[in-house]
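Understanding the architecture of this molecule
Chain by chain, the residues:
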Amino acid sequence: MSGLYLSRGLFPSEFLRPTVEFILETQRPSGEIPWFDGGYADPWDHVEAAMGLSIGGEFDAARRAYEWLYSMQLVDGSWWAAYRGEDVDNAERRETNFVAYVATGIWHHYLVTEDRDFLRAMWPMVDKAIGFVLALQTEHGEIHWAVDADGNPKGDALITGCSSIYKSLECAHNIAYTLGEDRPQWLESRERLGHALRHKPERFDRTWESKARYSMDWFYPVLTGVLPHKEALARLNKRWDEFVEKDLGCRCVSDEPWVTVAESCELVMALLAAGDHARAVEVYSWLHQWRLDDGSYWTGYQMVEDLLWPDEKPTWTAGAILMAADALTEHTAASQLFCSTQLLGIESSAEERISKAD
């Protein structure tokens, strides 16, 4: 089914129920959500899939997903890059945006469920994770993208990764505020990180080729609230034709003929964040041609060779589909998490906070 148009209050529960079931059926009894049956799990994509479960009303399964993460957290608050069950599948690095993203997932689940007991139970995990991440912030404001197997910083930063951390710090602050925990340094670090993302491009991609050809570097500063509203829409407009293929979706890389479903879903939410509802609805309507009968979605489509590639149907893509649908229809209380910025206990607007930080 292609051409699915969504509007406020019209969440297609029956249509998307198989997508929720797909994540449920892939989830392991431990709570771990691998990319697909027989695949590995990484902390970031595990959380993305768990958010899909929360949107789908599978609160117990989502809670088990976060409890699994808690059980696998290292003493310093981090996680390895990938796991298969209780075995580490990639012990080469620990990525800061992977670690920080747990705060986004926990806050998302709380917004949906209002389960304060859950929030309190998960607080020690969030506190340690954010502590690990912020220990890797430099004096310039950016955050090292990873540490190696021995815990040494890898010495560079990613725009997409740091933008994701920026949103996670918003969520972490809101968790702390809700629980009455005092973490003022988290907001201070977030302000410094935002300033680096907006005004210090030289602090990113220092040791490798620029990642500007990747669509996530284009829209993540919009998706995560780094940019003020007017600049956000201008940023999306500037490179729209480089990344967006009409009737297909968003390219993963500007110079590769490959559109991907998850990036397209994130672009939908970035468009909503920038106030462009019409294009958000349009892009989302293109994506269901990549859906299978079981409710799963292919990773993407290779336009030149006219094939679905790779031969994978990831749980995190299913999660992104559910998140974009929620954002478009405002189905749950977490629907606007990626479409707006909210810092509890802070009265000034997002625009004023950015101006003050800069």
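Just above, that's the structure.
Below is a summary of the structure that appears in this document. Counting starts from 1 at the beginning of each chain's written sequence and moves along it residue by residue. Two thresholds apply to this predicted model, a pLDDT of at least 70 for residue-level local features and 80 or more for giving and counting side-chain atom pairs, whereas whole-chain, interface and lining totals are computed over all residues. Each side-chain value is worked out from all heavy atoms of the structure, with water and hydrogens disregarded.

In this section: the packing of helix α3 (residues 59-72) against helix α5 (residues 116-134). Each axis is a line fitted through C-alpha atoms, and for a helix only the stretch in contact is used; angles between axes span 0 to 180 degrees, taken between their N-to-C directions. The secondary structure listing takes helices from DSSP runs of H or I that are at least 4 residues long and strands from runs of E that are at least 2 residues long, numbered from the N terminus. With their axes 10 Å apart at the nearest point, α3 and α5 run at an angle of 25° to one another. Classified by the interaxial angle, the pair formed by α3 and α5 is roughly parallel. For the element pair α3 and α5, the recorded crossing hand is left-handed. Between α3 and α5, the residues in contact are R63, Y66, E67, L69 and Y70 and F118, A121, M122, P124 and M125, respectively. We call Asp, Glu, Lys and Arg charged. Ala, Val, Leu, Ile, Met, Phe, Trp, Tyr, Cys and Pro are nonpolar, and the rest, Gly among them, are polar. Each residue belonging to the contact of α3 with α5 can be placed in one class, and the counts come to eight nonpolar, no polar and two charged. Roughly parallel refers to an angle under 35 degrees, roughly antiparallel to one over 145, roughly perpendicular to one between 65 and 115, and oblique to any angle outside these ranges. Should the near helix be turned anticlockwise from the far one by less than a right angle, the crossing is left-handed, and should it be turned clockwise, the crossing is right-handed. The contact criterion used is simple: two residues touch if any of their non-hydrogen atoms lie within 4.5 Å.

What follows is about the pattern of salt bridges. Salt bridges are counted wherever a side-chain nitrogen of Lys or Arg sits within 4 Å of a carboxyl oxygen of Asp or Glu. The full count for this structure, using the stated rule, is 21 salt bridges. A salt bridge links R120 to E181; the nearest nitrogen and oxygen atoms lie 2.9 Å apart. Of this pair, R120 sits in helix α5 while E181 sits in the loop between α6 (159-179) and α7 (184-199), and the two are 61 residues apart along the sequence. Relative accessibility under 20% of the residue-type maximum defines a buried residue, over 50% an exposed one, and the middle range a partly exposed one, all with a 1.4 Å probe and only protein chains included. With a relative accessible area of 25%, E181 lands in the partly exposed category. With a closest N to O distance of 2.8 Å, R203 and E142 form a salt bridge. With R203 in the loop between α7 and α8 (215-223) and E142 in the loop between α5 and β4 (146-148), this residue pair connects regions lying 61 residues apart in the sequence. A network of salt bridges, in which partner residues are shared, links E142, D156, R203 and R206.

Turning to its location among the elements, H173 is positioned in helix α6. According to the relative accessible area criterion, H173 is buried, its value standing at 10%. In this structure, H173 is in contact with W186, L187, L343, L344 and I346, ignoring residues within four places of it in sequence.

Turning next to the packing of aromatic side chains. Think of a pair of aromatic rings as described by two things: how far the centres are apart, and how the planes are tilted against each other in angle. Stacked, tilted and edge-to-face are the three classes applied to pairs of Phe, Tyr and Trp rings, where Trp contributes its six-membered ring and a pair requires centres within 6.5 Å; stacked means planes under 30 degrees apart, edge-to-face means over 60, and tilted covers the rest. A full pass over the atoms with the stated rule returns 14 aromatic pairs. Between W123 and W186, the ring centres sit 5.7 Å apart and the planes meet at 45°, which makes this aromatic pair tilted. One end of the pair, W123, is in helix α5; the other, W186, is in helix α7, and 63 residues separate them in sequence. A centroid spacing of 6.1 Å and a plane angle of 70° characterise the contact between W218 and F219, whose relative ring orientation is edge-to-face.

Next up on the list: the sheet that holds strand β6 (residues 249-251). Here a strand pair is declared whenever DSSP counts at least two bridges between the two strands. Overall, antiparallel pairing links the five strands, which are arranged β5-β6-β7-β8-β9 in an open sheet. Since the sheet does not close on itself, it has two edges, and those belong to β5 (244-245) and β9 (307-308), each with one partner. In the sheet, strand β7 (residues 258-260) pairs with strand β8 (residues 300-302) via three bridges, with the strands oriented antiparallel. Among the inter-strand pairings, W258 is bridged to a residue of β8, identified as Q302. Packed on one face of the sheet, helix α11 (residues 261-273) meets β5, β6 and β7 and runs near 60° to β7.

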